[in-house]
Amino acid sequence: MSLRFEVSVRDPTTEARRGRLITTRSVIETPVFMPVGTAATVKALTQEMLEALDARIILANTYHLFLRPGQAVIRDLGGLHRFMGWPRSILTDSGGYQVFSLGELRTVSEEGVAFRSHLDGTKLFLSPEVSMEVQIALGSDIVMAFDECPPYPATHDQVRISLELTERWARRCRAYFDAHADRDRQSLFGIVQGGIHADLRARSLEGLLDIGFEGYAIGGLSVGEEKRHMYDTTAFIAPRLPADKPRYLMGVGTPADLVESVARGVDMFDCVMPTRHARNGTVFTTTGRLNLRNARYIQDEQPLDAECACFVCRRYSRAYLAHLMRAGEILASVLATYHNLHHYLDLMQRIRHALEQGAFGRFVTEFRHRQLSSEE
Ligand SMILES: CNc1nc2c(CC[C@H]3O[C@@H](OC)[C@H](O)[C@@H]3O)c3nc(N)[nH]c(=O)c3cc2[nH]1
(Lines give C-alpha, C1' and ligand atoms only; values in the text may rest on other atoms or scores of the structure.)
Protein backbone atom coordinates (compact mmCIF):
# COMPACT_ATOMS: atom_id res chain seq x y z
CA MET A 1 0.00 0.00 0.00
CA SER A 2 1.61 3.24 -1.10
CA LEU A 3 -0.71 5.69 0.63
CA ARG A 4 -0.55 6.54 4.33
CA PHE A 5 -3.14 8.81 5.96
CA GLU A 6 -2.89 9.91 9.57
CA VAL A 7 -5.40 12.08 11.43
CA SER A 8 -3.59 14.16 14.07
CA VAL A 9 -6.48 16.31 15.33
CA ARG A 10 -10.24 15.77 15.40
CA ASP A 11 -11.90 19.14 15.90
CA PRO A 12 -14.07 19.08 19.08
CA THR A 13 -16.85 21.31 17.71
CA THR A 14 -17.09 20.22 14.04
CA GLU A 15 -16.42 17.15 11.83
CA ALA A 16 -13.14 18.73 10.68
CA ARG A 17 -9.85 16.75 10.83
CA ARG A 18 -6.22 17.83 10.61
CA GLY A 19 -4.23 15.12 8.89
CA ARG A 20 -1.35 14.11 6.70
CA LEU A 21 -1.46 12.13 3.46
CA ILE A 22 1.86 10.54 2.48
CA THR A 23 2.49 9.24 -1.04
CA THR A 24 5.84 7.99 -2.36
CA ARG A 25 6.44 11.51 -3.74
CA SER A 26 5.31 14.06 -1.18
CA VAL A 27 3.85 14.68 2.27
CA ILE A 28 0.47 16.33 1.86
CA GLU A 29 -0.85 18.30 4.84
CA THR A 30 -4.65 18.07 5.07
CA PRO A 31 -7.13 19.67 4.68
CA VAL A 32 -5.60 20.36 1.27
CA PHE A 33 -6.57 22.24 -1.89
CA MET A 34 -5.28 20.65 -5.09
CA PRO A 35 -4.58 23.02 -8.03
CA VAL A 36 -6.15 21.71 -11.23
CA GLY A 37 -3.62 20.89 -13.95
CA THR A 38 -6.03 19.29 -16.43
CA ALA A 39 -3.73 18.78 -19.48
CA ALA A 40 -0.51 18.30 -17.48
CA THR A 41 -0.20 21.99 -16.68
CA VAL A 42 -1.75 24.29 -14.10
CA LYS A 43 -2.58 26.86 -16.73
CA ALA A 44 -0.28 29.95 -16.80
CA LEU A 45 2.07 28.74 -14.04
CA THR A 46 5.43 26.98 -14.20
CA GLN A 47 6.09 24.00 -11.96
CA GLU A 48 8.67 26.21 -10.20
CA MET A 49 5.85 28.63 -9.24
CA LEU A 50 3.75 25.72 -7.93
CA GLU A 51 6.69 24.72 -5.73
CA ALA A 52 7.07 28.33 -4.58
CA LEU A 53 3.38 28.12 -3.58
CA ASP A 54 4.27 24.91 -1.72
CA ALA A 55 1.63 22.93 -3.64
CA ARG A 56 2.14 19.28 -2.67
CA ILE A 57 -0.34 17.66 -5.03
CA ILE A 58 -1.98 18.74 -8.30
CA LEU A 59 -4.65 17.25 -10.53
CA ALA A 60 -4.43 16.04 -14.11
CA ASN A 61 -7.18 14.64 -16.26
CA THR A 62 -7.49 11.24 -17.90
CA TYR A 63 -9.93 12.47 -20.54
CA HIS A 64 -7.69 15.31 -21.77
CA LEU A 65 -4.43 13.32 -21.72
CA PHE A 66 -6.12 10.31 -23.33
CA LEU A 67 -7.09 12.55 -26.24
CA ARG A 68 -3.76 14.39 -26.38
CA PRO A 69 -0.91 13.32 -26.37
CA GLY A 70 -2.26 9.84 -25.46
CA GLN A 71 -1.16 7.74 -22.51
CA ALA A 72 1.36 5.72 -24.56
CA VAL A 73 3.41 8.84 -25.36
CA ILE A 74 3.56 9.83 -21.69
CA ARG A 75 4.22 6.28 -20.52
CA ASP A 76 7.10 5.84 -22.99
CA LEU A 77 8.60 9.13 -21.74
CA GLY A 78 8.70 7.82 -18.17
CA GLY A 79 5.23 8.72 -16.93
CA LEU A 80 3.43 11.96 -16.11
CA HIS A 81 5.71 13.17 -13.27
CA ARG A 82 8.79 13.01 -15.50
CA PHE A 83 6.92 14.20 -18.60
CA MET A 84 5.83 17.43 -16.89
CA GLY A 85 8.78 17.82 -14.53
CA TRP A 86 6.64 17.55 -11.37
CA PRO A 87 8.27 15.39 -8.69
CA ARG A 88 5.50 15.85 -6.11
CA SER A 89 2.10 14.11 -6.07
CA ILE A 90 -0.49 13.91 -8.83
CA LEU A 91 -4.15 12.85 -8.63
CA THR A 92 -5.81 12.00 -11.94
CA ASP A 93 -9.53 12.22 -12.42
CA SER A 94 -10.93 9.26 -14.31
CA GLY A 95 -12.59 10.96 -17.27
CA GLY A 96 -16.06 10.04 -16.05
CA TYR A 97 -17.07 13.66 -15.62
CA GLN A 98 -15.36 15.12 -18.69
CA VAL A 99 -16.75 12.57 -21.12
CA PHE A 100 -20.20 13.88 -20.12
CA SER A 101 -19.23 17.54 -20.07
CA LEU A 102 -16.92 17.63 -23.08
CA GLY A 103 -17.41 14.46 -25.15
CA GLU A 104 -19.71 14.78 -28.14
CA LEU A 105 -22.29 12.32 -29.41
CA ARG A 106 -21.63 10.04 -26.48
CA THR A 107 -23.36 6.67 -26.00
CA VAL A 108 -23.40 5.09 -22.58
CA SER A 109 -23.60 1.31 -22.24
CA GLU A 110 -22.84 -1.20 -19.51
CA GLU A 111 -19.43 -1.60 -21.14
CA GLY A 112 -18.48 2.09 -21.06
CA VAL A 113 -18.92 5.34 -23.01
CA ALA A 114 -18.41 5.78 -26.76
CA PHE A 115 -17.91 9.40 -27.80
CA ARG A 116 -16.25 11.70 -30.27
CA SER A 117 -13.23 13.78 -29.30
CA HIS A 118 -14.12 17.46 -28.79
CA LEU A 119 -10.77 18.22 -30.44
CA ASP A 120 -11.08 16.50 -33.82
CA GLY A 121 -14.18 14.32 -33.75
CA THR A 122 -12.25 11.04 -33.55
CA LYS A 123 -14.40 8.15 -32.29
CA LEU A 124 -13.19 7.08 -28.84
CA PHE A 125 -14.21 4.76 -26.03
CA LEU A 126 -13.71 5.08 -22.29
CA SER A 127 -14.54 2.28 -19.88
CA PRO A 128 -13.49 1.32 -16.36
CA GLU A 129 -10.67 -0.79 -17.81
CA VAL A 130 -9.52 1.87 -20.33
CA SER A 131 -9.60 4.58 -17.66
CA MET A 132 -7.52 2.42 -15.33
CA GLU A 133 -5.08 1.55 -18.16
CA VAL A 134 -4.61 5.26 -18.91
CA GLN A 135 -4.09 6.27 -15.27
CA ILE A 136 -1.70 3.36 -14.68
CA ALA A 137 0.28 4.42 -17.77
CA LEU A 138 0.36 8.03 -16.51
CA GLY A 139 1.66 6.77 -13.15
CA SER A 140 -0.42 9.16 -11.01
CA ASP A 141 -0.19 8.66 -7.26
CA ILE A 142 -3.96 8.71 -6.75
CA VAL A 143 -6.19 7.12 -9.39
CA MET A 144 -9.93 7.89 -9.47
CA ALA A 145 -12.48 5.20 -10.30
CA PHE A 146 -14.35 5.59 -13.60
CA ASP A 147 -17.81 6.79 -12.64
CA GLU A 148 -20.91 8.38 -14.08
CA CYS A 149 -21.66 11.82 -12.68
CA PRO A 150 -25.45 12.13 -13.13
CA PRO A 151 -26.72 15.42 -14.56
CA TYR A 152 -28.48 17.87 -12.24
CA PRO A 153 -31.41 17.94 -11.80
CA ALA A 154 -32.26 14.26 -12.13
CA THR A 155 -35.07 12.14 -10.71
CA HIS A 156 -34.53 9.86 -7.74
CA ASP A 157 -34.84 6.89 -10.09
CA GLN A 158 -32.33 8.29 -12.63
CA VAL A 159 -29.82 8.89 -9.82
CA ARG A 160 -30.36 5.39 -8.44
CA ILE A 161 -29.84 3.73 -11.82
CA SER A 162 -26.72 5.84 -12.35
CA LEU A 163 -25.19 5.01 -8.96
CA GLU A 164 -25.79 1.31 -9.58
CA LEU A 165 -23.89 1.56 -12.87
CA THR A 166 -21.12 3.51 -11.09
CA GLU A 167 -20.91 0.73 -8.50
CA ARG A 168 -20.56 -2.00 -11.15
CA TRP A 169 -17.92 0.14 -12.87
CA ALA A 170 -16.13 0.67 -9.54
CA ARG A 171 -15.89 -3.09 -9.05
CA ARG A 172 -14.36 -3.43 -12.53
CA CYS A 173 -11.90 -0.58 -11.75
CA ARG A 174 -10.79 -2.31 -8.55
CA ALA A 175 -10.26 -5.62 -10.37
CA TYR A 176 -8.28 -4.12 -13.26
CA PHE A 177 -6.26 -1.82 -10.96
CA ASP A 178 -5.33 -4.66 -8.59
CA ALA A 179 -4.27 -6.84 -11.52
CA HIS A 180 -2.18 -4.22 -13.35
CA ALA A 181 -1.12 -1.30 -11.11
CA ASP A 182 2.01 -0.96 -8.98
CA ARG A 183 0.17 -0.75 -5.69
CA ASP A 184 3.32 0.35 -3.88
CA ARG A 185 3.17 3.60 -5.86
CA GLN A 186 -0.46 4.07 -6.92
CA SER A 187 -3.72 4.10 -4.93
CA LEU A 188 -7.33 3.86 -6.07
CA PHE A 189 -10.14 6.09 -4.75
CA GLY A 190 -13.82 5.24 -5.09
CA ILE A 191 -16.40 7.95 -5.90
CA VAL A 192 -19.69 8.08 -3.97
CA GLN A 193 -22.65 9.20 -6.04
CA GLY A 194 -26.35 9.49 -5.17
CA GLY A 195 -27.18 13.11 -6.06
CA ILE A 196 -28.74 15.11 -3.22
CA HIS A 197 -30.66 12.09 -1.85
CA ALA A 198 -29.41 10.84 1.52
CA ASP A 199 -30.83 7.34 0.98
CA LEU A 200 -29.02 7.01 -2.35
CA ARG A 201 -25.79 8.42 -0.94
CA ALA A 202 -25.89 5.80 1.84
CA ARG A 203 -26.57 3.09 -0.74
CA SER A 204 -23.71 4.22 -2.99
CA LEU A 205 -21.33 4.26 -0.03
CA GLU A 206 -22.42 0.78 1.08
CA GLY A 207 -21.51 -0.62 -2.34
CA LEU A 208 -18.11 1.08 -2.39
CA LEU A 209 -17.25 -0.03 1.15
CA ASP A 210 -17.95 -3.60 0.10
CA ILE A 211 -15.35 -3.21 -2.67
CA GLY A 212 -12.83 -1.30 -0.55
CA PHE A 213 -10.74 1.71 -1.62
CA GLU A 214 -7.70 3.61 -0.33
CA GLY A 215 -9.73 6.82 -0.25
CA TYR A 216 -13.28 7.96 -0.92
CA ALA A 217 -14.48 10.89 -3.02
CA ILE A 218 -17.85 12.62 -2.94
CA GLY A 219 -18.88 13.01 -6.58
CA GLY A 220 -22.01 14.37 -8.20
CA LEU A 221 -21.95 17.72 -6.40
CA SER A 222 -21.06 21.23 -7.54
CA VAL A 223 -23.02 20.44 -10.70
CA GLY A 224 -25.56 23.27 -10.43
CA GLU A 225 -27.44 22.25 -7.28
CA GLU A 226 -28.29 24.90 -4.69
CA LYS A 227 -25.54 25.53 -2.16
CA ARG A 228 -27.69 24.25 0.75
CA HIS A 229 -28.13 20.91 -1.06
CA MET A 230 -24.36 20.64 -1.53
CA TYR A 231 -23.70 21.45 2.14
CA ASP A 232 -26.48 19.20 3.44
CA THR A 233 -25.39 16.26 1.27
CA THR A 234 -21.77 16.74 2.33
CA ALA A 235 -22.83 17.00 5.99
CA PHE A 236 -24.68 13.70 5.62
CA ILE A 237 -22.14 11.62 3.72
CA ALA A 238 -18.68 12.94 4.69
CA PRO A 239 -18.85 11.80 8.34
CA ARG A 240 -20.07 8.37 7.13
CA LEU A 241 -16.96 7.84 4.98
CA PRO A 242 -14.26 5.76 6.73
CA ALA A 243 -12.63 7.97 9.40
CA ASP A 244 -9.16 6.53 8.72
CA LYS A 245 -9.22 7.20 4.96
CA PRO A 246 -8.97 10.50 3.02
CA ARG A 247 -12.26 12.18 2.05
CA TYR A 248 -12.21 14.13 -1.25
CA LEU A 249 -15.00 16.48 -2.36
CA MET A 250 -14.69 16.81 -6.15
CA GLY A 251 -14.94 20.13 -7.95
CA VAL A 252 -15.36 22.30 -4.84
CA GLY A 253 -15.25 25.26 -4.50
CA THR A 254 -15.26 28.88 -3.39
CA PRO A 255 -13.24 29.86 -0.28
CA ALA A 256 -16.48 29.73 1.75
CA ASP A 257 -17.24 26.25 0.34
CA LEU A 258 -13.80 25.08 1.49
CA VAL A 259 -14.34 26.32 5.06
CA GLU A 260 -17.89 24.92 5.26
CA SER A 261 -16.90 21.56 3.76
CA VAL A 262 -13.86 21.14 6.02
CA ALA A 263 -16.25 21.73 8.93
CA ARG A 264 -18.42 18.90 7.55
CA GLY A 265 -15.50 16.46 7.46
CA VAL A 266 -13.79 16.82 4.06
CA ASP A 267 -9.97 16.52 3.72
CA MET A 268 -9.26 17.13 0.00
CA PHE A 269 -10.56 19.59 -2.60
CA ASP A 270 -10.04 20.52 -6.24
CA CYS A 271 -11.64 23.32 -8.20
CA VAL A 272 -10.91 25.26 -11.39
CA MET A 273 -12.20 28.53 -9.87
CA PRO A 274 -8.92 30.10 -8.71
CA THR A 275 -7.21 29.36 -12.02
CA ARG A 276 -10.14 29.84 -14.44
CA HIS A 277 -11.35 33.06 -12.73
CA ALA A 278 -7.80 34.44 -12.83
CA ARG A 279 -7.66 34.08 -16.62
CA ASN A 280 -11.00 35.87 -16.85
CA GLY A 281 -9.77 38.78 -14.69
CA THR A 282 -11.34 37.90 -11.33
CA VAL A 283 -9.06 37.76 -8.31
CA PHE A 284 -9.84 36.64 -4.76
CA THR A 285 -9.09 38.88 -1.77
CA THR A 286 -9.84 38.74 1.94
CA THR A 287 -12.66 41.25 1.36
CA GLY A 288 -14.18 39.39 -1.60
CA ARG A 289 -13.59 39.15 -5.35
CA LEU A 290 -12.33 41.92 -7.64
CA ASN A 291 -13.11 41.99 -11.36
CA LEU A 292 -10.01 43.71 -12.70
CA ARG A 293 -11.77 44.54 -15.94
CA ASN A 294 -13.91 47.03 -14.00
CA ALA A 295 -12.96 50.64 -14.80
CA ARG A 296 -12.65 51.46 -11.10
CA TYR A 297 -9.23 49.75 -10.99
CA ILE A 298 -7.60 51.59 -13.91
CA GLN A 299 -5.86 54.07 -11.59
CA ASP A 300 -5.95 52.04 -8.40
CA GLU A 301 -2.36 51.74 -7.22
CA GLN A 302 -3.21 49.46 -4.27
CA PRO A 303 -2.07 45.83 -4.30
CA LEU A 304 -4.68 43.21 -5.22
CA ASP A 305 -5.04 42.45 -1.50
CA ALA A 306 -3.30 44.50 1.21
CA GLU A 307 -3.41 41.45 3.51
CA CYS A 308 -1.77 39.12 0.97
CA ALA A 309 1.96 38.28 1.24
CA CYS A 310 2.38 36.87 -2.27
CA PHE A 311 4.99 38.36 -4.61
CA VAL A 312 2.26 39.70 -6.90
CA CYS A 313 0.72 41.77 -4.08
CA ARG A 314 4.14 42.92 -2.88
CA ARG A 315 5.21 44.28 -6.26
CA TYR A 316 2.30 45.00 -8.65
CA SER A 317 -0.75 47.25 -8.44
CA ARG A 318 -4.38 46.68 -9.36
CA ALA A 319 -3.89 49.35 -12.05
CA TYR A 320 -1.08 47.36 -13.63
CA LEU A 321 -3.05 44.10 -13.54
CA ALA A 322 -6.10 45.92 -14.93
CA HIS A 323 -3.96 47.23 -17.79
CA LEU A 324 -2.53 43.76 -18.52
CA MET A 325 -6.04 42.25 -18.50
CA ARG A 326 -7.42 44.88 -20.87
CA ALA A 327 -4.42 44.46 -23.15
CA GLY A 328 -4.85 40.70 -23.20
CA GLU A 329 -1.28 40.31 -22.00
CA ILE A 330 -0.11 36.77 -21.07
CA LEU A 331 1.40 38.18 -17.86
CA ALA A 332 -2.12 39.02 -16.64
CA SER A 333 -2.99 35.31 -16.42
CA VAL A 334 0.32 34.44 -14.82
CA LEU A 335 0.12 37.05 -12.03
CA ALA A 336 -3.62 36.63 -11.35
CA THR A 337 -3.35 32.82 -11.27
CA TYR A 338 -0.37 32.88 -8.93
CA HIS A 339 -2.19 35.26 -6.57
CA ASN A 340 -5.46 33.29 -6.62
CA LEU A 341 -3.75 29.99 -5.87
CA HIS A 342 -1.76 31.69 -3.12
CA HIS A 343 -5.09 32.91 -1.72
CA TYR A 344 -6.54 29.37 -1.75
CA LEU A 345 -3.44 27.62 -0.41
CA ASP A 346 -2.99 30.27 2.29
CA LEU A 347 -6.63 29.79 3.35
CA MET A 348 -6.00 26.03 3.70
CA GLN A 349 -2.84 26.77 5.72
CA ARG A 350 -4.85 29.00 8.07
CA ILE A 351 -7.51 26.30 8.40
CA ARG A 352 -4.86 23.69 9.27
CA HIS A 353 -3.28 26.04 11.80
CA ALA A 354 -6.65 26.78 13.44
CA LEU A 355 -7.31 23.03 13.71
CA GLU A 356 -3.91 22.51 15.34
CA GLN A 357 -4.71 25.28 17.84
CA GLY A 358 -8.17 23.91 18.63
CA ALA A 359 -9.53 27.23 17.30
CA PHE A 360 -11.27 26.07 14.13
CA GLY A 361 -14.76 26.73 15.55
CA ARG A 362 -13.80 30.38 16.10
CA PHE A 363 -12.15 30.50 12.68
CA VAL A 364 -15.43 29.43 11.02
CA THR A 365 -17.45 31.99 12.98
CA GLU A 366 -15.07 34.83 12.09
CA PHE A 367 -14.93 33.70 8.45
CA ARG A 368 -18.74 33.70 8.20
CA HIS A 369 -18.94 37.19 9.75
CA ARG A 370 -16.38 38.58 7.32
CA GLN A 371 -18.17 36.77 4.48
CA LEU A 372 -21.46 38.45 5.41
CA SER A 373 -19.91 41.91 5.72
CA SER A 374 -18.16 41.59 2.36
CA GLU A 375 -21.42 40.50 0.69
CA GLU A 376 -23.38 43.49 2.01
C1 LIG B 1 -16.88 21.52 -10.92
N2 LIG B 1 -17.75 20.59 -10.26
C3 LIG B 1 -17.47 19.27 -10.33
N4 LIG B 1 -16.36 18.75 -10.89
C5 LIG B 1 -16.51 17.40 -10.77
C6 LIG B 1 -15.67 16.38 -11.22
C7 LIG B 1 -14.45 16.69 -12.06
C8 LIG B 1 -13.38 17.39 -11.48
C9 LIG B 1 -12.32 17.53 -12.58
O10 LIG B 1 -12.83 18.16 -13.77
C11 LIG B 1 -12.03 19.27 -14.15
O12 LIG B 1 -12.64 20.48 -13.80
C13 LIG B 1 -13.94 20.67 -14.36
C14 LIG B 1 -10.79 19.14 -13.35
O15 LIG B 1 -9.84 18.43 -14.09
C16 LIG B 1 -11.20 18.37 -12.13
O17 LIG B 1 -10.23 17.52 -11.70
C18 LIG B 1 -16.10 15.03 -11.03
N19 LIG B 1 -15.29 14.00 -11.48
C20 LIG B 1 -15.73 12.72 -11.37
N21 LIG B 1 -14.98 11.70 -11.82
N22 LIG B 1 -16.95 12.40 -10.79
C23 LIG B 1 -17.76 13.37 -10.28
O24 LIG B 1 -18.85 13.06 -9.78
C25 LIG B 1 -17.33 14.76 -10.39
C26 LIG B 1 -18.15 15.80 -9.92
C27 LIG B 1 -17.73 17.13 -10.13
N28 LIG B 1 -18.32 18.31 -9.84
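An account of the accompanying structure is given in this report.

This next bit is on the environment of Phe-236. Mapped onto the secondary structure, Phe-236 falls in helix α9 (residues 227-237). For the pair Phe-236 and Pro-69, spaced 167 residues apart in sequence, the C-alpha separation works out to 40 Å. If sequence neighbours within four positions are ignored, Phe-236 has contacts with Ala-198, Arg-201 and Ala-202.

Put simply, Arg-68 and Pro-69 share a cis peptide bond, and its omega is 10°. Looking at the secondary structure, you find Pro-69 in the loop between α2 (62-67) and α3 (71-76). Looking along the chain, the bond that leaves Val-252 and enters Gly-253 is cis, with omega of 5°. The backbone of Asp-54 sits at a positive phi, close to 60°, despite the residue not being glycine. Structurally, the position occupied by Asp-54 is in the loop between α1 (47-52) and β5 (57-61).

This paragraph deals with the pairing of strand β12 (residues 215-218). In β12, alternate side chains face the same way, and those of Gly-215 and Ala-217 on one face and Tyr-216 and Ile-218 on the other are all buried. As for the winding sense of the linkage, the β-α-β connection from strand β11 (residues 187-192) through helix α8 (residues 198-211) to β12 is right-handed. Pairing of β12 with strand β13 (residues 247-249), which is carried by three bridges, proceeds in the parallel orientation. Each residue of the ladder has a partner; that of Tyr-216, found in β13, is Arg-247. Crossover connection from β12 via α9 to parallel β13: handedness right-handed.

Another point: the site of the ligand. Inspection of the region around the ligand gives 21 residues, with Leu-59, Asn-61, Gln-98, Asp-147 and Gly-220 positioned closest. Gln-193 places a side-chain nitrogen or oxygen 2.9 Å from an oxygen atom of the ligand. Within the side chain of Asp-270, one N or O atom sits 3.4 Å away from an oxygen atom of the ligand. For the ligand, whose free accessible area comes to 560 Å², the fraction covered by protein is 92%. At a threshold of 2 Å from the grid points, most atoms of the ligand map onto the largest pocket. Counted by class, the shell around the ligand contains nine nonpolar, nine polar and three charged residues.

Analysis parameters
Residues numbered from 1 in each chain as written. Predicted model: local features only at pLDDT ≥ 70, side-chain atom pairs only at ≥ 80, totals over all residues. Heavy atoms only, no water. Helix = DSSP H or I, 4+ residues; strand = E, 2+ residues; numbered from the N terminus. Contact = heavy atoms within 4.5 Å. Buried < 20%, exposed > 50% of the residue type's maximum accessible area, 1.4 Å probe, protein only. Right-handed = clockwise from strand over helix to strand, strands pointing away. Pairing = 2+ DSSP bridges. Near = heavy atom within 4 Å. Polar contact = N/O pair within 3.5 Å; in protein donor to acceptor, adjacent residues only side chain to side chain. Areas by Shrake-Rupley, 256 points an atom, 1.4 Å probe, with all protein chains shown as cover. 1 Å grid on protein atoms, 1.4 Å probe; cavity = no way out; pocket = protein on both sides within 12 Å on 5 of 7 lines; lining within 4 Å. Sits in = over half its atoms within 2 Å of the grid points. Nonpolar A, V, L, I, M, F, W, Y, C, P; charged D, E, K, R; others polar.

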